[in-house]
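Spelled out, the chains give:
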Amino acid sequence: MALPVKHNVVLVVSLQLACWTLLWGMERTGGWSAVALAAVLSCVLLTNYALMHEGSHDLLVGTERANRMLARVACALFPTSFTLFRVAHDAHHCSNKSLLESFDYYRPGDNRLLKILGWYAILLGPNWLLMPVGSVLLSIDPRLLQRGVFARMAATQRLATLYAEPGVRITILGETLFVIAYWALVIQLLGLSVGTLLLAAAVFAFHWSTRQYLTHAYTPCDVIDGAHNLSANRAIATMLLNGHLDLVHHQKPWLPWSELPEHLAESRPPVDTWALYRSMWFGPR
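Report follows, based on the coordinates. Quick caveat, the model's predicted, so the values are computed rather than measured. (Residues numbered from 1 in each chain as written. Predicted model: local features only at pLDDT ≥ 70, side-chain atom pairs only at ≥ 80, totals over all residues. Heavy atoms only, no water.)

1. Comments concerning the nonpolar core
Formed by 43 residues in total, the largest nonpolar core has its most connected members in Leu23, Leu41 and Phe78. Breaking this core down by element, the ones donating at least two residues are helix H1 (5–29), helix H2 (31–56), helix H3 (64–77), helix H4 (82–95), helix H8 (168–190) and helix H9 (194–212). Examining the composition of this core, we find that ten residues originate from one element, H2, more than from any other. Sequence-distant contacts of phenylalanine 78, that is, excluding residues within four places in its chain, are made with Asn48, Tyr49, Met52, Trp128, Met131, Pro132, Phe204 and Trp208. (Core = buried A, V, L, I, M, F, W, Y, C linked by side-chain atoms within 4.5 Å. Buried < 20%, exposed > 50% of the residue type's maximum accessible area, 1.4 Å probe, protein only. Helix = DSSP H or I, 4+ residues; strand = E, 2+ residues; numbered from the N terminus. Contact = heavy atoms within 4.5 Å.)

2. Here we look at helix H5 (residues 112–124)
Turn by turn, an α-helix covers 3.6 residues, leaving residues three or four places apart pointing in a common direction. Across its 13 residues, H5 extends 18 Å between first and last C-alpha, which sits within 8% of the 18 Å expected from 1.5 Å per residue. Where the residues of H5 are buried, they touch H9 and helix H12 (273–280). For H5, the N-terminal capping position is held by asparagine 111, with its side-chain oxygen 3.1 Å away from the main-chain nitrogen of leucine 113. Phi for glycine 125, located one or two positions after H5, is positive at around 125 degrees. (Expected span 1.5 Å × (residues − 1). Polar contact = N/O pair within 3.5 Å; in protein donor to acceptor, adjacent residues only side chain to side chain.)

3. Side note on the packing of aromatic side chains
The final tally for this structure, using the stated rule, is 16 aromatic pairs. Judged by centre distance (5.3 Å) and plane angle (70 degrees), the rings of phenylalanine 103 and tyrosine 213 are edge-to-face. In this pair, phenylalanine 103 sits in the loop between H4 and H5 while tyrosine 213 sits in the loop between H9 and helix H10 (234–239), placing the two residues 110 residues apart along the sequence. Under the relative-accessibility criterion, phenylalanine 103 is labelled partly exposed at 32%. Between tryptophan 119 and tyrosine 218, the ring centres sit 6.0 Å apart and the planes meet at 35 degrees, which makes this aromatic pair tilted. (Phe/Tyr/Trp six-rings, centres within 6.5 Å; stacked < 30°, edge-to-face > 60°.)

4. What to know about unusual backbone geometry
Here the residue pair phenylalanine 78 and proline 79 is connected by a cis peptide bond, since its omega of 0 degrees sits within 30 degrees of zero. One non-glycine residue, tyrosine 218, adopts positive backbone phi at about 60 degrees. Note on placement: tyrosine 218 falls in the loop between H9 and H10.

5. A word on the packing of H5 against H9
Interaxial distance between H5 and H9 falls to 5 Å at its minimum, and their mutual angle equals 120 degrees. By the angle class used here, H5 and H9 are oblique. Across the interface between the two elements, Ala121, Ile122, Leu123 and Leu124 of H5 pack against Phe206, Ser209 and Thr210 of H9. Class assignment for the residues of the contact of H5 with H9 results in five nonpolar, two polar and no charged. (Axes fitted to C-alpha atoms, helices over the stretch in contact; angles between N-to-C directions. Parallel < 35°, antiparallel > 145°, perpendicular 65-115°, else oblique. Nonpolar A, V, L, I, M, F, W, Y, C, P; charged D, E, K, R; others polar.)

Such coordinate-based values are descriptive only and should not be taken to indicate function.
The structure is reproduced here in structure tokens:
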């Protein structure tokens, strides 16, 4: 297995520059031009998220230390702590379509209103806030892991265990402070206003969040096979770094993004993305 190391490094750096340029353009245009640039920015950030995902599997570059450092740079754009993101994604692979991650199905005893609210939070964008806000709050007080919405998340037990390890809280705090310093510098250098930041965040939150459960909606309640391979044209596949082949990824999580298409024949055929997406708006089943 050969990692596309050069591609990954070039992508991480070039996406940073692209995002700064688009934010600068949004600040200086306004109106519908700013909205259009925000839409382009959200696509660039989805590619950046795909690189964060590769980093969570140690698939960005060859060494663990270099992988961690490059992934932290990618996570700064999201923005969130890389360590928290890695743990949350590990928990997803362990809890996929379990009771904690079956957002698309009702079960006896479920609160239907909460299910519906949670479902549309995934589709509309508020779900994105859990990562940046959670990164800050959990850096301040890890006891929040046992309270409120955090106590009902699949990553809770893994995070609680992680916090018990020496130095981990300092690592997460350091990563969060790095993210805050990163954005303070970007805002200062580009002269960004609150309005520009809110527009960029809102468009990306919707684009990212509405795609997150698309590859899992209405699949079997199985930790590995509870995922879809989705149809995608070349542009979408490139933007997502083949992330539309999520079932292949769950079946073989050690594969880098560049090798996923080679294993599609061994997996289930792709389902129609737009038909599935439209059906999601009718809510949990």
